[in-house]
Amino acid sequence: MDAVCVGETMALLIPEGTDDTGAPRFRTDIGGTESNVAVHLSRAGRPVVWRSALGDDVFGEFLLSRIAGEGVRCSVRTDPRRPTAVYFKEPNPKGTRVRYYRRDSAASALGPEDAADVWGFRPRLVHTTGITAAISDTAQALVAELLREAPTGTLRTFDVNFRSALHGEHNAETILSLARQADVVFCGVDEAESLWGATSVDAVRELIPTPRVLVVKQGAEGATAISGGNSWFEPAPAVEVLEPVGAGDAFAAGFLDRLLADAPLPDCLAAGAHLAGTVLGVAGDIPPATSSRA
Ligand code: KDG
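Residues numbered from 1 in each chain as written. Predicted model: local features only at pLDDT ≥ 70, side-chain atom pairs only at ≥ 80, totals over all residues. Heavy atoms only, no water.

**Q** For this particular structure, what's the right way to read the packing of helix α5 (residues 137–149) against helix α6 (residues 172–181)?
**A** To describe two helices that pack against each other, one gives the angle between their axes and the distance between the axes. The N-to-C vectors of α5 and α6 enclose an angle of 25°; their axes lie 9 Å apart at closest approach. By the angle between their directions, the pair α5 and α6 is classed as roughly parallel. Viewed along their axes, α5 and α6 form a crossing whose handedness is left-handed. For the pair formed by α5 and α6, the contact residues are Q140, V143, A144, L147 and R148 on the first element and T174, L178 and Q181 on the second. Of the residues belonging to the contact of α5 with α6, the class tally is four nonpolar, three polar and one charged. (Axes fitted to C-alpha atoms, helices over the stretch in contact; angles between N-to-C directions. Helix = DSSP H or I, 4+ residues; strand = E, 2+ residues; numbered from the N terminus. Parallel < 35°, antiparallel > 145°, perpendicular 65-115°, else oblique. Left-handed = near helix turned anticlockwise from the far one by under 90°. Contact = heavy atoms within 4.5 Å. Nonpolar A, V, L, I, M, F, W, Y, C, P; charged D, E, K, R; others polar.)

**Q** What's the story with the sheet that holds strand β10 (residues 184–188) in this structure? I'm lost.
**A** Whenever strands of a sheet pair, they do so through backbone hydrogen bonds, lying parallel or antiparallel. Read across the open sheet, the nine strands follow the order β5-β4-β1-β8-β9-β10-β11-β12-β13; overall the sheet is mixed. In the strand order of this sheet, the two ends are held by β5 (73–79) and β13 (230–235), each with one partner. Sheet twist, expressed as the average angle between the axes of neighbouring strands with direction ignored, equals 15°. Bridge count between strand β1 (residues 3–6) and strand β4 (residues 48–55): four bridges; the pairing is parallel. Among the inter-strand pairings, C5 is bridged to a residue of β4, identified as W50. (Pairing = 2+ DSSP bridges.)

**Q** Quick question: what am I supposed to make of unusual backbone geometry here?
**A** Glycine aside, a negative phi is what most residues show, and trans is what most peptide bonds show. Notably, D104 is not glycine yet its phi reads approximately 60°, a positive angle. Residue position: D104 is located in the loop between β7 (97–101) and α3 (115–120). One non-glycine residue, R122, adopts positive backbone phi at about 50°. A relative accessible area of 70% places R122 in the exposed class. (Buried < 20%, exposed > 50% of the residue type's maximum accessible area, 1.4 Å probe, protein only.)

**Q** Before we go on, may I ask you to explain the side chain of N36 in this structure?
**A** Mapped onto the fold, N36 is located in helix α1 (residues 33–43). Side chain to side chain, N36 and D249 meet in a polar contact 2.8 Å long. Once you skip the residues sitting within four places of it in the chain, N36 turns out to touch I30, D249, D285 and I286. (Polar contact = N/O pair within 3.5 Å; in protein donor to acceptor, adjacent residues only side chain to side chain.)

**Q** Please explain the nonpolar core as it appears in this structure.
**A** Note that soluble globular proteins tend to have their nonpolar side chains buried in a common cluster. By size, the foremost hydrophobic cluster in this structure holds 40 residues, and its most contacted members are V184, F186, V215, F251, F255 and L259. For this core, the element with the highest residue contribution is helix α9 (residues 247–260), accounting for nine residues. Dropping the residues within four chain positions of it, V215 is found in contact with V185, F186, C187, T224, A225, F251, F255 and L269. Formed by 27 residues, the second largest nonpolar core is a distinct cluster that contains V143, I175, A182 and I208. (Core = buried A, V, L, I, M, F, W, Y, C linked by side-chain atoms within 4.5 Å.)

**Q** Before we go on, may I ask you to explain the state of the cysteines in this structure?
**A** By definition, a disulfide links the sulfur atoms of two cysteines through a covalent bond. What the rule picks out here adds up to zero disulfides. Free of any disulfide, C5 has its nearest neighbouring cysteine sulfur in C74, separated by 11 Å. The buried category is assigned to C5, whose relative accessible area is 0%. The thiol sulfur of C187 is not disulfide-bonded, and the nearest other cysteine sulfur, from C268, lies at 18 Å. A residue is classified by how much of its surface remains accessible, and C187, at 0% relative accessible area, is buried. (Disulfide = S-S within 2.5 Å.)

**Q** Could you clarify how one ought to interpret α5 in this entry?
**A** In an α-helix, one turn spans 3.6 residues, which is why side chains three or four residues apart end up on the same side. Taking 1.5 Å of rise per residue, the 13 residues of α5 would be expected to cover 18 Å, and the 18 Å separating its terminal C-alpha atoms lies within 8% of that figure. Buried within α5 are the following residues: A139, L142, V143, A144, L146 and L147. Elements in contact with the buried residues of α5: β1, α3, β8 (125–129), α4 (132–135), β9 (155–159) and α6. (Expected span 1.5 Å × (residues − 1).)

**Q** So what exactly am I meant to see when it comes to the packing of aromatic side chains here?
**A** When we look at a pair of aromatic rings, we describe it by the centre distance and by the angle of the planes. Inspection of the entire model under this criterion finds six aromatic pairs. Centre to centre, the rings of F88 and Y101 are 5.6 Å apart; their planes meet at 80°, and the pair counts as edge-to-face. Of the two residues, F88 is situated in strand β6 (residues 86–90) and Y101 in strand β7; the sequence distance between them amounts to 13 residues. It is R102 that lies over the ring of Y100; its NZ or CZ is 4.4 Å from the centre. (Phe/Tyr/Trp six-rings, centres within 6.5 Å; stacked < 30°, edge-to-face > 60°. Lys NZ or Arg CZ within 6 Å of the ring centre and 35° of its normal.)

**Q** For this particular structure, what's the right way to read the site of the ligand?
**A** Neighbouring the ligand are 14 residues, the closest being Y100, R102, R163, D249 and D285. One of the side-chain N or O atoms of Y100 is found 2.5 Å from an oxygen atom in the ligand. Contact distances for the ligand include 2.7 Å between an oxygen atom and a side-chain N or O atom of D249. For the ligand, the accessible surface in isolation is 310 Å², of which the surrounding protein chains cover 99%. A per-class count over the shell around the ligand returns five nonpolar, five polar and four charged. (Near = heavy atom within 4 Å. Areas by Shrake-Rupley, 256 points an atom, 1.4 Å probe, with all protein chains shown as cover.)

In structure tokens:
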């Protein structure tokens, strides 16, 4: 396998007007940072696994068929005692509001015992994020295990993925320590500021000096990759932003796809920026399959 992406995916409900009685209508999609990355990698032609847990419910069934339908191999435990999580995205000109219904979800029971199945796929790359590390103590222990125990030669990639509903002073140090153990780290300057008060690319590098590659995202400006004392900047493409959630996952996937192809880091940055641009223009977390394959 080229990659195993490990973490929770929720049923994503996007408001779509009201019915004749005035009741809100929702479109159901998939929302989960690691499965978003997996879907993008699969669309790029890479054999990829998504490892998670789902409830024995209608949303679990939907997520499984939707993600498997994208060509992603789903290595998923079905938990009859816990539900699949749900999240609502409420786009708003002042910024998207996100609401989670994920406490005690099936995926929050992911734990270090899931690591053995991950290694069983002999992945070239294992991808996790600061979201999975924040959903429960056991999921955090799994992320730590994946970063600590990856077999030699397996690239450990970690996206900080700050979410105000999940992160704060209580886990800022934990997220920092996990990021320092990865080989490739993605972190926005805005995320670093919210978590650790760092406000520049250099400040982020000082905080996270250990990864082989550190990618610092600078919002609408672009992104900088730093490796071995060198750095490269790629401006972000000018695109109209409909809804930004999910663009960071697309960036990571575009970057990692090229990294797996041993492309130079500037090419990895450009691929990440391009794929992120395709997500900024859609309301879901990933573009519909046909538009991304076009
Ligand atoms: O990056 C997009 C994710 O934030 C979204 O898919 C949902 O994983 C998610 C989360 O926990 O916010």
